[in-house]
Amino acid sequence: MPESIFDAHVHLGPPDVMGEISPQRRRVPLCTFTHLRLAQLRGWHAQLFPGRRVTGTIAFPFPLREVDLAGANRYLVEVMLAAPDVRGFLLAHPTDLAPTRAAWDAALAAGVRFSGVKPYFDLVGKTAFECSMPEFIPDSLLRFMDDHRLVLMLHTSGIGMGDEDNQRYVRGVLERFPGIKIVLAHMGRYLKPDEFCRFADSGLLDHPALYLDMSSATVPAVYIRALEHRPLWGRLLFGTDLPFGLITGMEAWSRRAGAIFVTRDAYPWSDAGLQRASPVPVERLTYNTYHVLDAFKTAFDSLGLPPAEGAALKQAVFQTNAESLFAAEEPLDDRT
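Note that the structure is a prediction, hence the values are computed from the model and not measured. Once a new chain begins, its residue numbering starts again from 1 and follows that chain's sequence as written. The predicted nature of this model means local features are confined to residues of pLDDT at least 70 and side-chain atom pairs, given and counted, to a pLDDT of 80 or more, with totals for whole chains, interfaces and linings taken over all residues. The side-chain values count all of the structure's non-hydrogen atoms but skip hydrogen atoms and water molecules.

## Things to note about the overall build of the protein
Line of reasoning, step 1. The way it works is that DSSP assigns letters per residue, a run of H or I at least four long becomes a helix, a run of E at least two long becomes a strand, and they are numbered from the N terminus. Along the protein, the regular secondary structure elements total 11 helices and 10 strands.
Line of reasoning, step 2. Its C-alpha atoms give the protein a radius of gyration of 19 Å, near enough to 20 Å, the size a compact globule of 336 residues would have.
Line of reasoning, step 3. Each principal axis of the C-alpha distribution contributes one length, and for the protein these read about 50 × 50 × 40 Å.
Line of reasoning, step 4. Here's how the labels work: a residue is buried when its accessible area is under 20% of the maximum for its type, exposed when over 50%, partly exposed in between, all with a 1.4 Å probe on protein chains only. Expressed as a percentage of its 336 residues, the buried residues of the protein come to 57%.
Line of reasoning, step 5. Looking at the protein alone, contacts between residues at least 24 apart form 77% of all its contacts between residues at least 6 apart. With C-alpha atoms as the basis for the radius of gyration, the globule rule is written as 2.2 Å multiplied by the number of residues raised to the power 0.38. For this analysis, residues touch if any pair of their heavy atoms sits within 4.5 Å.

## Looking at the packing of aromatic side chains
Line of reasoning, step 1. In summary, the pairing rule links any two rings of Phe, Tyr or Trp, Trp by its six-membered ring, whose centres are within 6.5 Å, and it sorts them by plane angle into stacked for under 30 degrees, edge-to-face for over 60 and tilted for everything else. Going through the model one piece at a time under the given rule, you end up with 17 aromatic pairs.
Line of reasoning, step 2. Residues phenylalanine 33 and phenylalanine 244 carry aromatic rings whose centres are separated by 5.5 Å and whose planes lie at 85° to one another, so their mutual orientation is edge-to-face. Of this pair, phenylalanine 33 sits in the loop between strand E1 (4–11) and helix H1 (38–48) while phenylalanine 244 sits in the loop between strand E8 (236–237) and strand E9 (249–254); the two residues are 211 residues apart in sequence, bridging distant segments of the chain.
Line of reasoning, step 3. Residue class for phenylalanine 244 comes out buried when judged on its relative accessible area of 8%.
Line of reasoning, step 4. A ring pair is formed by phenylalanine 261 and tryptophan 269, whose centres lie 6.0 Å apart and whose planes are at 50°; its orientation type is tilted. Each member of the pair, phenylalanine 261 together with tryptophan 269, is buried.
Line of reasoning, step 5. Put simply, the rings of Phe49, Tyr223, Phe238, Phe296, Phe300 and Phe318 touch in pairs and so form one group of aromatic residues.
Line of reasoning, step 6. We call a charge positioned above a ring when the Lys NZ or Arg CZ atom is no farther than 6 Å from the ring centre and deviates by at most 35 degrees from the ring normal. A cation over an aromatic ring shows up here: arginine 87 above the ring of phenylalanine 326, its NZ or CZ 4.4 Å from the ring centre.
Line of reasoning, step 7. Against the face of phenylalanine 129 rests arginine 189, its NZ or CZ located 5.6 Å from the ring centre.

## As for the pattern of salt bridges
Line of reasoning, step 1. By definition, a salt bridge exists where a carboxyl oxygen of Asp or Glu is found within 4 Å of a side-chain nitrogen of Lys or Arg. Evaluated as defined, the whole model comprises 14 salt bridges.
Line of reasoning, step 2. A salt bridge links arginine 225 to aspartate 201, with the nearest nitrogen and oxygen atoms 2.6 Å apart. Pair noted here: arginine 225 is in helix H8 (residues 220–227) and aspartate 201 is in the loop between helix H7 (193–200) and strand E7 (210–213), with a separation of 24 residues, a long-range link.
Line of reasoning, step 3. Of the charged contacts in the structure, one is a salt bridge between lysine 297 and aspartate 301, with a shortest N-O distance of 2.7 Å. You can see lysine 297 and its partner aspartate 301 sitting in helix H10 (residues 288–303), 4 residues apart, about one turn around the helix.
Line of reasoning, step 4. Given the relative accessible area of 49%, lysine 297 is considered partly exposed.

## What about helix H2 (residues 69–82)?
Line of reasoning, step 1. Here the expected span of a helix is defined as 1.5 Å times the quantity of residues minus one. When the terminal C-alpha atoms of H2 are compared, their 20 Å separation across 14 residues agrees well with the 20 Å that a helix rising 1.5 Å per residue should span.
Line of reasoning, step 2. Close packing links the buried residues of H2 with H1, strand E2 (53–60), strand E3 (86–91) and helix H3 (97–110).
Line of reasoning, step 3. Whenever a nitrogen or oxygen atom comes within 3.5 Å of another N or O atom, the pair is scored as a polar contact, on the condition that within protein one atom can donate a hydrogen and the other can accept it, and that pairs from neighbouring residues in sequence are kept only if both atoms are in side chains. For H2, the N-terminal capping position is held by aspartate 68, with its side-chain oxygen 3.3 Å away from the main-chain nitrogen of alanine 70.

## Here we look at the side chain of histidine 186
Line of reasoning, step 1. One can find histidine 186 in the loop between strand E6 (181–184) and H7.
Line of reasoning, step 2. A residue is classified by how much of its surface remains accessible, and histidine 186, at 12% relative accessible area, is buried.
Line of reasoning, step 3. Sequence-distant contacts of histidine 186, defined by excluding residues within four places in its chain, comprise His9, His155, Asp213, Ser215, Ser216, Ala217 and Asp241.

## With respect to the sheet that holds E2
Line of reasoning, step 1. Strands qualify as paired when DSSP identifies two bridges or more between them. Here we have 8 strands laid out as an open sheet, ordered E1-E2-E3-E4-E5-E6-E7-E8, and parallel in their pairing. A single partner strand is all that each edge strand has here, and the edge strands are E1 and E8.
Line of reasoning, step 2. Every axis in this analysis is a line fitted to C-alpha atoms, fitted for helices over the stretch in contact. Angles between the N-to-C directions lie between 0 and 180 degrees. Most of the contacts of helix H6 (residues 164–176) go to E6, to which it runs at about 155°, and overall it touches strand E5 (151–154), E6 and E7.

## What about the nonpolar core?
Line of reasoning, step 1. By nonpolar core is meant a set of buried Ala, Val, Leu, Ile, Met, Phe, Trp, Tyr and Cys residues that side-chain atoms within 4.5 Å join together. Val170, Ile182 and Met187 are the most contacted members of the largest nonpolar core, which totals 102 residues.
Line of reasoning, step 2. By residue number, the principal contributor to this core is H2, which donates 7 residues.
Line of reasoning, step 3. Filtering out sequence-adjacent residues up to four positions away, valine 170 remains in contact with Met133, Leu154, Met161, Ile182, Leu184, Leu204 and Leu210.

This is how it looks when you write it as structure tokens:
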């Protein structure tokens with residue numbers, strides 16, 4: 001890793017903005033973590049990446065249906081006031097634009113600006129496999145984002161970007177709303193690597209406003225296919241998904257359990273059958289964000305780049321690509 005890095009995917013929020021999580025919900029990986037304060041994030045960055053300087057962070061609240069949206073977004077305003085290196089993305093109400101406008105206006109009144117928006121499927125009370133993206137991303141929200149040139153951090157629905165309906169949706173947003181840049185979280189999501197390859201063959205990766213965030217994606221074949229597409233070198237972003245990047249395991253898929261992780265540690269949602277069938281001995285598993293780095297390294301090494309070109313690619317992925325997201329951001333006086 002370069003000496004300077006930008007973490008393009010973290011969750012921040014204090015405990016008091018999260019409602020009670022039921023025992024049933026605790027059995028969902030999404031509910032593994034419910035809070036993380038800025039000081040704790042700083043500590044984890046220092047522990048995970050010793051000797052590296054984190055120059056920037058994209059942060060948004062925990063997108064659970066139990067969250068107090070207004071309180072979660074207020075905390076992000078406090079964070080941005082205290083830490084100018086944090087780019088806050090507000091958590092959007094899935095159907096009503098009014099809370100989003102209220103959070104936006106409150107940030108401006110405090111003297112800071114949200115740089116993007118994080119909509120999320122769980123806020124409509126469904127899983128990613130049960131809903132479509134228009135259900136939690138209304139056109140009114142997209143128009144608002146387009147007006148203010150905001151970045152959309154998108155956790156796709158269904159099986160992810162291997163689905164042709166999702167490809168049409170993302171293409172449509174990019175065509176209709178040229179002021180929006182889209183970051184596809186978790187490499188756009190996939191259950192199997194060939195689904196990512198279908199996405200890569202769709203032509204969408206050529207769009208200059210479409211970025212990919214590496215968090216949680218631990219399959220080397222996905223990065224190999226991504227890096228084969230050289231124009232994407234300027235739009236691939238390193239992200240940890242902290243605190244979820246602390247889950248000690250790698251992504252997996254089970255017909256019974258759905259999208260899950262094979263892990264070293266036992267979680268309420270762990271699947272014993274997957275654990276036994278793991279291709280990697282579970283005792284060798286570590287933090288998920290380290291498996292992301294290992295998968296990227298495998299793909300990077302396969303390129304056999306000259307040292308200078310390799311260093312430039314790493315600096316882009318780990319820092320400057322994320323910074324480029326905000327190059328066209330509105331001046332503060334125009335943020336109304």
